[in-house]
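Coordinates in review
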Amino acid sequence: MDIGAHPPSRSAAQDAVRLARERYGLEARACPLPSEYDDNFRLETADGSVRVLKIMHPMRDPGFVDMQCAALRTIAERAPGLPVPEVIPDREGRPWSTTALGENPFRLVWMLSYLPGRPIAGVRPVTHGLLDELGGTLARLDLALTGFSHPSARRELKWDFARAGWIRDHLEAVRDPRRRALVERVLARYDAEVVPALPRLRRSVVYADANEHNVLVRVEPGRLPRLAGLIDFGDMIETVVAAEVAVASAYAAFGTADPLGAVLSLVAGYHCVLPLAEEELAVLDALILTRLAVSVVNSACRAAAEPGDPYLIVSEAPAWAALEAFERVPPRLAHYALRAVCGLAPAPHGPAVVRWLQGSAGSFAQVLERDLRKEPVVVLDLSVGSRMLGADPAGLEAPRLTETISKTMKDAGAVVGVGRYDEARAIYTTGAFAAGGSPTAERRTVHLGIDLSVAPGSVVRTPLDGTIHTVADNAAPKDYGPLVILRHEIPSGEEFFTLYGHLDPDSVAGLKPGRILRAGETFAAVGAPPRNGDWWPHVHVQIILDLLGLDEDFPGVAAPGRRSLWTGLSPDPNLLLGIPGDRFPRPEPSKAETLEARHRLLGRNLSVSYREPLKIVRGWMQYLYDETGRAYLDAYNNVPLVGHSHPRVVRAVQDEMALLNTNTRYLHDNLVSYAERLTDLMPAPLRVCYVLNSASEANELALRLARTHTGREDVIVLESAYHGHTSGLIDISPYKFDGPGGKGRKPWVHVAPLPDDYRGPYRRDDPEAGKKYAAAVGHLGDEAKARGGLAAFIAETLPSVAGQIVLPRGYLAEAYRYVRAAGGVCVADEVQVGFGRLGTHFWGFETQGVVPDIVVLGKPIGNGFPLAAVVTTEAIAASFANGMEFFSTFGGNPVACAAGLAVLDVMEEERLQERALRVGGHFIAGLRKLAERHAIIGDVRGSGLFLGLELVRDRRTLEPAAAEASYVVERLRDRGVLAGTDGPLHNVIKIRPPLCFSEADAELFVAALDEVLSEDPVRIP
Ligand SMILES: Cc1ncc(COP(=O)(O)O)c(C=O)c1O
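Residues numbered from 1 in each chain as written. Predicted model: local features only at pLDDT ≥ 70, side-chain atom pairs only at ≥ 80, totals over all residues. Heavy atoms only, no water.

1. Brief notes about the overall build of the protein chain
Our working rule: Put simply, DSSP H or I for four residues or longer makes a helix, DSSP E for two residues or longer makes a strand, and each gets a number counted from the N terminus. When a residue's accessible area, from a 1.4 Å probe over protein chains only, is under 20% of the maximum for its type it is buried; when over 50% it is exposed; and in between it is partly exposed. In what follows, a contact means two residues having at least one pair of non-hydrogen atoms within 4.5 Å. We count Lys and Arg on the positive side and Asp and Glu on the negative side, and we leave His and both chain ends out. By convention, the charge on Lys lies at NZ, on Arg at CZ, on Asp at CG and on Glu at CD.
In terms of regular secondary structure, the protein chain is built from 28 helices and 38 strands. Considering only C-alpha atoms, the protein chain reaches an extent of 100 × 90 × 50 Å along its principal axes. For the protein chain, the proportion of its 1021 residues judged to be buried stands at 55%. Considering only residue pairs separated by 6 or more positions, the protein chain has 74% of its internal contacts joining residues 24 or more positions apart. Mean positive and mean negative side-chain charge positions of the protein chain (110 and 127 charges, respectively) differ by 2 Å.

2. A few points about the sheet that holds strand β7 (residues 118-119)
Under the convention used in this document: Pairing between two strands is assigned when DSSP locates at least 2 bridges connecting them. The axes are straight lines fitted to the C-alpha atoms, using for helices just the contacting stretch, and the angles between their N-to-C directions are given from 0 to 180°.
The three strands are arranged β7-β9-β10 in an open sheet whose pairing can be described as antiparallel. The open sheet is flanked by β7 and β10 (226-230), the only strands paired with a single partner. For strand β9 (residues 215-218) and β10, the ladder comprises four bridges, and the chain directions are antiparallel. If you follow Arg 218 over to β10, its bridge partner there is Arg 226. Relative to the sheet, helix α3 (residues 128-144) contacts β9 and β10, its axis offset from that of β10 by approximately 30°.

3. Overview of the side chain of Arg 630
So the rule is basically this: Here a salt bridge means any side-chain nitrogen of Lys or Arg lying within 4 Å of a carboxyl oxygen belonging to Asp or Glu. Within 3.5 Å is the distance limit for a polar contact, defined as a pair of N or O atoms, with the added protein rule that one can donate a hydrogen and the other accept it, and that residues adjacent in sequence qualify only through two side-chain atoms.
With respect to the element layout, Arg 630 can be found in the loop between β25 (623-626) and β26 (631-634). Salt bridges are absent for the buried Arg 630, whose nearest opposite-charge side chain, Asp 626, sits at 6.3 Å. Only 2.6 Å separates the side chain of Arg 630 from the backbone oxygen of Thr 440, close enough to count as a polar contact. Not counting residues within four places of it along the chain, the set of residues in contact with Arg 630 comprises Thr 440, Ala 441, Glu 442, Leu 624, Tyr 625, Arg 973, Asp 974, Arg 975 and Gly 976.

4. Concerning the site of the ligand
In plain terms, the rule: We call a residue near a molecule or strand as soon as one heavy atom of that residue lies within 4 Å of the molecule or strand. Accessible surface is estimated by sampling points in the Shrake-Rupley manner with a 1.4 Å probe; for residues, cover comes only from the protein chains shown. In this count, Pro and Cys sit with the nonpolar residues alongside Ala, Val, Leu, Ile, Met, Phe, Trp and Tyr, while Asp, Glu, Lys and Arg are called charged and the others, Gly among them, polar.
The ligand sits among Ser 694, Ala 695, Ser 696, Asn 699, Tyr 722, His 723, Gly 724, Glu 796, Asp 829, Val 831, Gln 832 and Lys 859. Take Asp 829: an N or O atom from its side chain is 2.8 Å from a nitrogen atom of the ligand. Within the side chain of Gln 832, an N or O atom sits 2.8 Å from an oxygen atom of the ligand. For the ligand, the protein covers 85% of the area, taking 390 Å² as the surface of the free molecule. By residue number, the principal contributor to the shell around the ligand is helix α18 (residues 695-710), which donates three residues. Considered class by class, the residues forming the shell around the ligand number three nonpolar, six polar and three charged.

5. Here's the deal with the packing of aromatic side chains
How we decide: Two rings from Phe, Tyr or Trp (for Trp, the six-membered ring) form a pair when their centres are within 6.5 Å of each other. A pair whose planes differ by under 30 degrees is stacked, one over 60 is edge-to-face, and the rest are tilted. By definition here, charges over rings are those cases where NZ of Lys or CZ of Arg is within 6 Å of the ring centre and within 35 degrees of the ring normal.
If you walk through the whole model with that rule in mind, you get 20 aromatic pairs. Among the aromatic side chains, those forming a connected cluster through ring pairs are Tyr 428, Phe 433, Trp 535 and Trp 536. A cation sits over an aromatic face here: Arg 618 above Tyr 625, 4.8 Å from the ring centre. Over the ring of Trp 748 we find Arg 707; its NZ or CZ atom is 4.5 Å from the centre of that ring.

6. Here's the deal with a nonpolar patch on the surface
How we decide: Like charges are joined within 9 Å and nonpolar side chains (Val, Leu, Ile, Met, Phe, Trp, Tyr) within 5 Å, but only among residues with over 30% relative accessible area and no salt bridge; these make up the patches.
On the surface, Leu 601, Leu 602 and Leu 606 cluster together into a nonpolar patch covering about 300 Å² of accessible area. Tracing the sequence through the fold places Leu 602 in the loop between α15 (591-601) and β24 (616-620). What makes Leu 602 partly exposed here is its relative accessible area of 43%.

7. Observations concerning the nonpolar core
This is how the line gets drawn: Buried Ala, Val, Leu, Ile, Met, Phe, Trp, Tyr and Cys residues form a nonpolar core when they are joined through side-chain atoms within 4.5 Å.
In this structure, Leu 43, Leu 53, Ile 75, Leu 138, Leu 141, Leu 284 and Trp 566 are the most contacted members of the largest nonpolar core, which totals 147 residues. A total of 14 residues in this core trace back to one element, the largest contributor, which is helix α7 (residues 278-305). Every residue in contact with Leu 138, bar those within four places of it in the chain, is listed here: Tyr 207, Ala 210, Leu 230, Glu 244, Ala 248 and Tyr 270.

8. A short note on the pattern of salt bridges
On inspection of all chains with the given rule, the structure shows 69 salt bridges. Of the charged contacts, one joins Arg 42 and Glu 44 as a salt bridge, the two residues approaching to 2.9 Å between their closest N and O atoms. Exposure remark for Glu 44: the relative accessible area of 24% places this residue in the partly exposed category. Here the salt bridges share partners, and the residues they tie into one network are Asp 757, Arg 759, Arg 764, Asp 939, Arg 941 and Glu 950.

9. So, unusual backbone geometry
In this structure, Pro 125 follows Arg 124 across a cis peptide bond, with omega equal to 0°. Within the element layout of this structure, Pro 125 appears in the loop between β7 and α3. Between Pro 529 and the following residue, Pro 530, the backbone shows a cis peptide bond with an omega angle of 0°. In this model, Phe 835 sits at a positive phi of 85°, which is unusual for a non-glycine residue. Mapped onto the elements, Phe 835 comes out in the loop between β31 (825-829) and α23 (844-847). Here Phe 835 falls in the buried class, since its relative accessible area comes to 1%.

10. Considering helix α2 (residues 62-78)
Test applied: A helix is expected to span 1.5 Å for every residue after the first.
If you check α2, its first and last C-alpha atoms are 24 Å apart, about what 17 residues at 1.5 Å a residue would give, namely 24 Å. In this structure, the buried side of α2 is in contact with β4 (87-88), β5 (96-101), β6 (104-113) and α3.

11. A short note on the sheet that holds strand β37 (residues 980-982)
Spatial strand order, β34-β35-β38-β37: four strands in an open sheet with antiparallel pairing. Two strands bound the open sheet, and with one partner strand each, they are β34 (937-943) and β37. Taking each pair of neighbouring strands and ignoring which way they run, the sheet shows an average axis angle of 30°. Pairing geometry for strand β35 (residues 946-951) and strand β38 (residues 988-991), over four bridges, is antiparallel. Counted as the bridge partner of Leu 947 is Ile 991 from β38.

12. Some points on the pairing of β34
For β34, the tally of buried residues reaches five of seven residues, placing the bulk of the element in the interior. By the bridge criterion, six bridges tie β34 to β35 in an arrangement that is antiparallel. From the neighbouring strand, Gly 942 faces β35, where its bridge partner is Leu 947. The turn linking β34 back onto β35 is made up of two residues, and Gly 944 within it adopts a positive phi angle of 55°.

13. What about the side chain of Asn 987?
Secondary-structure assignment places Asn 987 in the loop between β37 and β38. Leave out the neighbours within four places in its chain, and Asn 987 touches Arg 759, Leu 949, Glu 950, Leu 951, Val 952, Pro 960, Ala 961, Ala 962, Ala 965 and Asp 982.

14. Notes on the pairing of strand β33 (residues 868-873)
Of all the six residues making up β33, six are buried; the element is thus mostly covered by neighbouring parts of the structure. Alignment of strand β27 (residues 686-692) against β33, held across six bridges, turns out to be antiparallel. Looking at the pairing, Leu 692 lines up with Ala 868 of β33. For strand β32 (residues 854-857) and β33, the ladder comprises four bridges, and the chain directions are antiparallel. When the sheet's bridge partners are listed, Val 856 is paired in β33 with Val 870.

15. Concerning the state of the cysteines
Definition in use: The rule for a disulfide is simple: a pair of cysteine sulfur atoms within 2.5 Å.
Tallied over the full model, the rule gives zero disulfides. With no disulfide of its own, Cys 272 has Cys 342 as its nearest cysteine by sulfur position, at a separation of 8.6 Å. Owing to a relative accessible area of 68%, Cys 272 belongs among the exposed residues under this scheme.

16. Comments concerning the packing of helix α27 (residues 962-974) against helix α28 (residues 999-1013)
Rules: Small angles under 35 degrees read as roughly parallel and large ones over 145 as roughly antiparallel, with 65 to 115 read as roughly perpendicular and the rest as oblique. Note on convention: the crossing is left-handed when the near helix lies turned anticlockwise from the far helix by less than a right angle, right-handed when the turn is clockwise.
One can describe the packing of α27 onto α28 by two numbers: an axis separation of 10 Å at closest approach and a directional angle of 120°. On the basis of their axis angle, the class for α27 and α28 is oblique. At the point where α27 passes α28, the crossing takes the right-handed sense. Counted together, Tyr 967, Val 968, Arg 971 and Leu 972 of α27 and Phe 1005, Ala 1008, Leu 1009, Val 1012 and Leu 1013 of α28 form the full contact between these two elements. The class makeup of the residues in the contact of α27 with α28 is eight nonpolar, no polar and one charged.

Dropping the structure here:
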C-alpha cells in the first residue's frame, strides 16, 4: 500500500483534546507535531506532563499499530530502562482503538509517553561517543526484540534489504550519469554480495529506522550531547538483524567528514552489546551502501514526481555525500575496518598467514647480506619522544637525520640500524606531513614496516619465494621512492605481499612484474637520497595481507586512530626478518599504563588535565606533541616563555651542566650577571636580587623580607589570589584557604575585594573605579594597624588565578599609597604576568605606573628550568641581613642562571615583547570579532599574550557559564588546541601561550574556538 498516494484527512487539535479527554481521561492542550502521513499531537496537561496522541492516516492497517504496541510492550518488559516511548492504554485498557473523524469512519487512535530530546539532525557535535552509545542502545533494543514476532512485521517495505533491487527500475530518476553509475556499482555489489548472503543471516524483527529525525539527543549546557531516545517504530520489519546497524550506519555517515569513522563508532557500540557475526560483518558495508543507494534513488523518484520542490534536493544532499564518500573507501577496507572494531583480525585470511610465518620462523632467507639474527644491530628510536632525535625539527631533515643515524650506529658498533614497526614517528610531526594542511589534525605517524639502515648499494633479497607484483617509483619527496612489491603464497593457498621501499632506481630498472624470485634471490639495492624518496639510506620492509587495490600507494604509515586496522593488515615484518626480540628495547608504557602508575605512585591530588588526559612526549616552540605524534597548539603554558625546547636555552643549560653545577657559596659570574641583567630591567630602587628555585620559594622569601623589614605580621591580599603551595602561602591565598580542603582565613590575613570592573560593583564606565576598589585596601590597612600593624600588601599586577583581571586604571597607585601609609610594603607578584608577556610593558606593575618595594618572579624566567627571583630595595635587603644566613641550595646555581641569561638573550634577540604586543593585538581582535557572533562571550580582556575570555549565559545578568567554559577547553583540546579555565567562577578561558606564538597560531585558535562555540552545548538560545 502506498499511503503517500492518499492524502491524509487532517484531524484538528480539538479532536485530539476531545479524544484525550474521552478515551484517556486526560485534560490537555494539544499541539500538532510534524508528521508525513499520520496526525500526531503533543498533549500537555496542567501539571506539565506530556504525552503524544497519534491519530493514524485513514489507510493505516490496525495490524501496523498493533505490531508497534506489542513490540513496545515487549521492550518495556524485557529492557525497562531503554529510552523508547511507552504505550499508554486508554481508559478501557486498550493499547489502541478506532474513532470516526470527518468522512473517515475508522481512524486508529493510540497514545505514547513523550520522550524529551532533540532530533540528532543538526545537533552539533555528534561525537564518536554518542554514536557508540546509539549503537549500544540499538543493540539492547534488538536483544529485547529477540524472538518477538508479529504478523504485520512480515511486510513489504521499500526499505527492506531483501527488496532493494526495486531501485534498478528507477535509475533514470537519477539524472547525473556519474551518480547513476555509482548507484549501479552499488547494485552490482548488492547482487553479488548481499542477495546470496541474506538467507544465511540471522533474522528478527528490528526497529530499522534510526534516522536523524528518530534519534533524540539530550543537549544540555556545557555537556556533550547524550542519547535521549528512539522514536517512531513504524518501519519495524522482520528482516536480517544486521539491517538495524546498517540503517543506523547509513544515517551516521551523514554530514561528517569521516563517514567510515562514524560508522565504526556506531558498530563498535552495537557489537559490544550484541556481537555481530563474521558473516554479518562480511556484508555490512554493502548493506550500508545499499541503504544509501535506496535512499538517494527514493529521493530522486520523489523529486521527479514533485519537480520544483527544492526541499527534496536539499534533503537528499547528505545521503549523496555519504554515499560518495563511503564509496571512495578502497575495496574491502571498510569490511576490514568493521572487523577490526569488532575485535577480529581485519583480513579474514590474516591469521592463517601469520600462523604460517610464525611456524616457518628461522627458515627465511636474509633480506640483506648481513644476518640480522646474529650480527650486531642497533634498534633506532625514531619515536615522537626520541632522545636520539630531540625536539628540533631541523634534526628530522634528511641530512641531519642521516648523520644522527650513522653516528648512533657507529657508536653502537652496529652493521644495521633497525627502525621499528608500529612506532609513532617524530618525522611525521613535521609540517610536510600535516593532514590537509592543519598542523593540529591527527596525521599518519605509525610506521607499518621495519626499516633496515645500511649503506646505499647494499643488496636486497627476497626472504621467500615470490613473484614480482609491482615495480614503481613514487618519486614525490618523502614517498617510497623506487619500490618493489612481491606476491607470496602460503601452502594453504592464502596470498600476501612484501613491499621494499627507498630502493636504488637503477637496481630496479630492469624488473618486470610476473618474474618469479626464489628465496634469497637478490632483486634490488638500497637507494640513496634524494632519489630514494629523499630519506636516509635504508630499505623499508613491510608485509601486506591485502593490497586493497592500492598497490604502490599502499600506506607505509597509519593514523593512530586506525592503528589496529593497519597493523592488522601489515603484521610485523620481523616475522620474516627474525631480529632477536632482546635487541628491541622494552616498549614505552601506554598512556593507560602511565595513568595507572601515576594514580598508584603519586599523590592523588596531583591533578591531571582533561577528561582524556594527554601524554606529552615532545615540545617544540608553541607546539606540544603526544606519544602518537598529534600536535597541540599550546595557548596555555606560560612557563616556556620563549618556546618549548628553545635551542638557545637548551644549549645554555646543557653546556653549563656539563661543566659545573654548584651553589652560591662559591663565586660565579652567572649569578652576578643574571642579577645585573634582572635589576637593569627594573626601576631604580629595585636593586637587590635573591635567586631561588620556584615562585613559591620566592613568595615565601618576599613575606620574610616584608616582615623582617616592618617587624609586623599582617598581610593584605586580593580575593581569589594564589601565591604558591607552601603552608605560609596557602595562608595568603584565598583561592586555596577558601577553596576545597582550605582551613579559612587566618586573623593576620586581610582580603581586599577583587577590582573586577566587568563583574564587580564598579564597572568600566566608572573612571573612578580604580580608586573606589582601592579604598577597601585603605580600610584593611586600618584593620591591620589595629591588630599590631601591616607588613605587606601582595597582589598580582594582573590577577590571573582570579580570572585574568585587568586592574582598573589607578588601582595599584592608590592601593600602594594606602599600604605605605599603614607602614606596609608593596609586593608585586609578577610570576605569571611579568617578563614582556603583556606586550606594552615588560612588567605588569609598569602598566599601573607604580614601583613596588618587592617584586617576585618565577615560572617563565627559566623557560621551564627551575628558576625564580626576588628583587627588592637596598633598604629592605639591609633589614633582612640581620645575621641569619640566607641560603637556598639550588637557588642561583650556575645552570639555573645560565637558563635565565639565555631566556633574557632570546627575549631581546627575538624581540618577544614586541611580538607579544603585535600577535596579542591580532589575537584579541580575532576574539572580539568572535564575540560579535557568540553571545556566550561576555568579555574579552587582557594585554599582549595574557588574555582572558569570560563566558556568561546572559550578558545582562552575567550568569557565569562555568560548565560551558570547561566544555570549550575540552573541545579545543579535541581540535588540538590547549587552553585552560580560571577565575573564582571557573568561567574564564585563560590564554597565555609561549611568546613565539604567531598571527597564524592566533587565527588557528580563533577558528577552532569559533567551531567549538558553534556547538549546541555552548550556544545561547
Ligand atoms: C601568581 C602566582 N604566584 C606564585 C605561584 C607559585 O609558583 P610555583 O608553583 O612555581 O611555586 C603561582 C603558581 O601558579 C602563581 O600563579
